[in-house]
Amino acid sequence: MINTGVFDGIKPDEAEKMFVCCDTKKKSFAPNETIMEYSTDFKKIGIMLKGSAELVSIDYDGRLSMLQNFATGEVFGEMFALPTYEHAFFVKADTKCEVMFIDYANLLKRCSNACEHHSRLVNNLFHMSAVTARNTAVHLSILSQRSIRNKLTEYFHYIYR
């Protein structure tokens, strides 16, 4: 198992139990293969176990935009996206990848054993979601400045803090 924020505080033997409890699925992907398409309903999250991928958007004119890179240990899925209905979003493998999928419903329901590691996983995911939201807010704050000078000033101010 990899060392990543999503598994912080969860011992390897607990992780194996949690994988059964959460009904996780591991799948391998070849370069340029679509790993996940985002939809309007929350279905699953993915944890990048090996490799790298990117979040791509297609607008209504068919233009592709790369929005984010995912490396080993990072989490992606609908709960980490800001959906807009004018764009289609999908995660595409850059390299050979191995991804663990967890159904969103299995994260929210309490298992019959009331596992501590299950609660720890949910807590870690919410923390990662909060960090992602904060980083997005900083990014938008910088980009919303009217001039390049103001954008740079805002960026340097952020780095200084």
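In this text the structure is predicted, and so the values were computed from the model without any measurement.

1. Points about the pairing of strand E8 (residues 97-103)
Each regular strand carries side chains that alternate between the two faces of the sheet. Counting buried residues along E8, five of its seven residues qualify, which places the element largely inside the surrounding structure. As paired strands, strand E1 (residues 25-29) and E8 are joined by five bridges and run antiparallel to one another. Across the sheet, lysine 27 pairs through a bridge with valine 99, a residue of E8. Pairing of strand E3 (residues 44-50) with E8 involves six bridges; the strand directions are antiparallel. By the bridge assignment, lysine 50 is partnered in E8 with glutamate 98.

2. Notes on a nonpolar patch on the surface
A contiguous nonpolar patch, built from Ile148, Leu152, Tyr155, Phe156, Tyr158 and Ile159 and spanning about 630 Å² of accessible area, is present on the exposed surface. The residue isoleucine 148 is located in helix H4 (residues 148-160) in this model. Judged by relative accessible area, isoleucine 148 falls into the exposed class, the value being 66%.

3. Let's talk about the side chain of serine 57
In this structure, serine 57 sits in strand E4 (residues 53-58). With a relative accessible area of 5%, serine 57 lands in the buried category. If we ignore the near neighbours within four places in the chain, the residues touching serine 57 are Arg63, Leu64, Ser65, Leu67, His87, Ala88 and Phe89.

4. Thoughts on the environment of alanine 53
If you trace the backbone, alanine 53 turns up in strand E4. C-alpha of alanine 53 to C-alpha of glutamine 68: the two residues are 15 residues apart in sequence and 8.6 Å apart in space. The residues touching alanine 53, leaving out its near neighbours within four places in the chain, are Ile35, Met48, Gln68, Asn69, Phe70, Val91, Lys92, Ala93 and Asp94.

5. So, the sheet that holds strand E7 (residues 88-93)
Picture the strands of a sheet paired through backbone hydrogen bonds; they go either parallel or antiparallel. Strand order in the open sheet made by the four strands is E2-E7-E4-E5, with antiparallel pairing throughout. Of all the strands in the sheet, just strand E2 (34-37) and strand E5 (64-70) have a single pairing partner and so form its edges. If you compare each strand with its neighbour and ignore which way they point, the axes differ by 25° on average. Where E2 and E7 come together, three bridges link them in antiparallel fashion. In the strand pairing of E7, threonine 34 is matched with lysine 92.

6. Here's the deal with the pattern of salt bridges
Inspection of every chain in the model, using the stated rule, returns five salt bridges. Close ionic contact of arginine 63 with aspartate 61 constitutes a salt bridge, the shortest N to O distance being 3.5 Å. Residue aspartate 94 pairs with lysine 92 through a salt bridge whose shortest N-O separation is 3.9 Å. Under the relative-accessibility criterion, aspartate 94 is labelled partly exposed at 30%. Under the relative-accessibility criterion, lysine 92 is labelled buried at 18%. Residues joined in a network through salt bridges with shared partners are Glu54, Lys92 and Asp94.

Procedures and definitions
- Residues numbered from 1 in each chain as written.
- Predicted model: local features only at pLDDT ≥ 70, side-chain atom pairs only at ≥ 80, totals over all residues.
- Heavy atoms only, no water.
- Buried < 20%, exposed > 50% of the residue type's maximum accessible area, 1.4 Å probe, protein only.
- Helix = DSSP H or I, 4+ residues; strand = E, 2+ residues; numbered from the N terminus.
- Pairing = 2+ DSSP bridges.
- Patch = residues over 30% accessible without salt bridge, like charges linked within 9 Å, V, L, I, M, F, W, Y side chains within 5 Å.
- Areas by Shrake-Rupley, 256 points an atom, 1.4 Å probe, with all protein chains shown as cover.
- Salt bridge = Lys/Arg side-chain N within 4 Å of Asp/Glu carboxyl O.
- Contact = heavy atoms within 4.5 Å.
- Axes fitted to C-alpha atoms, helices over the stretch in contact; angles between N-to-C directions.

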